[in-house]
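Listed below are the residues making up each chain.
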Amino acid sequence: MDGPSPRSYLFVPAIDGRKLDKALDSGADCLLIDLEDSVAAGAKAEARETARQFLAAHVGDGERPRLYVRVNDLGTGLTADDLAAVLPLAEGIMLPKANSGADVQTLASMIEAAGGRDADDIGIIAIATETPLALLQMSSFVDAHPRLEGLTWGAEDLGTAIGASSARDASGAFTGPFALARNLALIAAHAAGVQAIDSIYADFRDEAGLAREAADAARDGFSAKMAIHPGQIAAINAAFAPSPEAIAEASAIVAAFDANPGAGVVGLDGRMVDRPHLLRAQKVLARLR
Ligand code: COA
Ligand code: MG
């Protein structure tokens, strides 16, 4: 997918045409049109049709968010029908409850069967921590498939799977199992060279808590966060925009290397900057929009 990576991904239940329309104007960089957990079992067919009509009506819009669809997981038997309804209109597919890179490969084959062509047309984002098995097989997501463009994590389904009564302690911090899931997804995304996307903040009226969690995510190396409510988008976009100081610093580093072609290391304001600094600076500038 071309252009800067999204900062914000907004979930919208595919069954809800009103929310789909509102989401277009939410400021989110990407919509996650959800056929999975926010749609009741008996409403899947109707949700597919609503999603398909929404995609058909809006893929041609000029200024709009990316339009991705979260399908039902591979164990449900619903995934192929989900894909048949929304491809090739959808620009990306989110796979929930992925157990390993093999699941990403299976989904990629199914995308191709449903009309996907080359790896640049329809990307895959995997939710890589919703099953205990996924955590044990995290390294399999590295080099899983050229369509893989992002990894994210989720606490709800993992908590159900392991029988945890809460994902957070009394202070609001994630408990051990969930911190492990978050950190493994972050590291695996970077090992795979794909976008690290932080999970949702469910308490959508708690603006301070969201801002804190988004800032922590940006600090740690996530470059985006998912949202469940339009009111969360502005804070998320702000948290993942590089600061003016970071932009100035990155520009100075790139300029210093441009002025010294072939140099592996240069001096800048009395400091040594070398290749890791240049790569980080280029990543910062690639995020400008
Ligand atoms: N996308 C687009 N619009 C949304 C939205 C979303 N995710 N969440 C809320 N809105 C809209 C509402 O429709 C409402 O608009 P309206 O007053 O014009 O009807 C407005 O924003 C304010 O909503 P609010 O009353 O604050 O929330 P709510 O009680 O209507 O909805 C949720 C709360 C949690 C049900 C809703 O935010 C939601 O469906 N979120 C996504 C859930 C989801 O996809 N989960 C799966 C992934 S975890
Ligand atoms: Mg779920």
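See the structure printed just above.
Residues numbered from 1 in each chain as written. Chains lettered and ligands numbered in written order. Predicted model: local features only at pLDDT ≥ 70, side-chain atom pairs only at ≥ 80, totals over all residues. Heavy atoms only, no water.

Engineer: Would you mind going over the side chain of Ser26 with me for this structure?
Structural biologist: With respect to the helices, strands and loops of the structure, Ser26 is situated in the loop between helix 1 (17-24) and strand 2 (30-34). Only 3.1 Å separates the side chain of Ser26 from the backbone nitrogen of Ala28, close enough to count as a polar contact. (Helix = DSSP H or I, 4+ residues; strand = E, 2+ residues; numbered from the N terminus. Polar contact = N/O pair within 3.5 Å; in protein donor to acceptor, adjacent residues only side chain to side chain.)

Engineer: Teacher, can you tell me more about helix 1 here?
Structural biologist: Structurally, the α-helix is built with 3.6 residues per turn, so residues lying three or four positions apart point the same way. If you check which residues of helix 1 are buried, you get Leu20, Ala23 and Leu24. The arc that holds the buried residues of helix 1, viewed along the axis, is 105°, so those residues lie on one side. Pointing more than 90 degrees away from the buried face of helix 1 are the exposed residues Arg18 and Lys22. The elements touched by buried residues of helix 1 are strand 1 (8-13), strand 2 and helix 2 (44-58). (Buried < 20%, exposed > 50% of the residue type's maximum accessible area, 1.4 Å probe, protein only. Arc of directions from axis to C-beta. Contact = heavy atoms within 4.5 Å.)

Engineer: Explanation requested: the packing of aromatic side chains in the structure shown.
Structural biologist: The description of an aromatic ring pair rests on the distance of the ring centres and on the angle between the ring planes. In the structure shown here, the tally under the stated rule is one aromatic pair. Seen from the ring of Phe174, Arg168 lies directly overhead, with NZ or CZ sitting 4.2 Å from the centre. (Phe/Tyr/Trp six-rings, centres within 6.5 Å; stacked < 30°, edge-to-face > 60°. Lys NZ or Arg CZ within 6 Å of the ring centre and 35° of its normal.)

Engineer: Hey, could you run me through the nonpolar core in this one?
Structural biologist: Most often, soluble globular proteins have nonpolar side chains that are buried together. Residues Leu31, Ile33, Val69, Val86, Ile93 and Leu151 are the most contacted members of the largest nonpolar core, which totals 62 residues. With six residues, helix 7 (residues 176-192) is the single largest residue contributor to this core. Excluding anything up to four places from it in sequence, Ile33 contacts Val12, Ala14, Leu20, Ala51, Phe54, Leu55, Tyr68, Val69 and Arg70. (Core = buried A, V, L, I, M, F, W, Y, C linked by side-chain atoms within 4.5 Å.)

Engineer: What is the right way to read the environment of Ser199 from this model?
Structural biologist: Take Ser199: it is sitting in the loop between strand 7 (195-198) and helix 8 (207-220). Residue classification places Ser199 among the buried positions, given a relative accessible area of 7%. Linking Ser199 and Phe141, residues 58 residues apart in sequence, is a C-alpha distance of 18 Å. Among residues more than four places away in sequence, those in contact with Ser199 are Thr152, Trp153, Gly154, Ala155, Lys225 and Met226. One polar contact links the side chain of Ser199 to the main-chain carbonyl oxygen of Trp153, over a distance of 2.9 Å.

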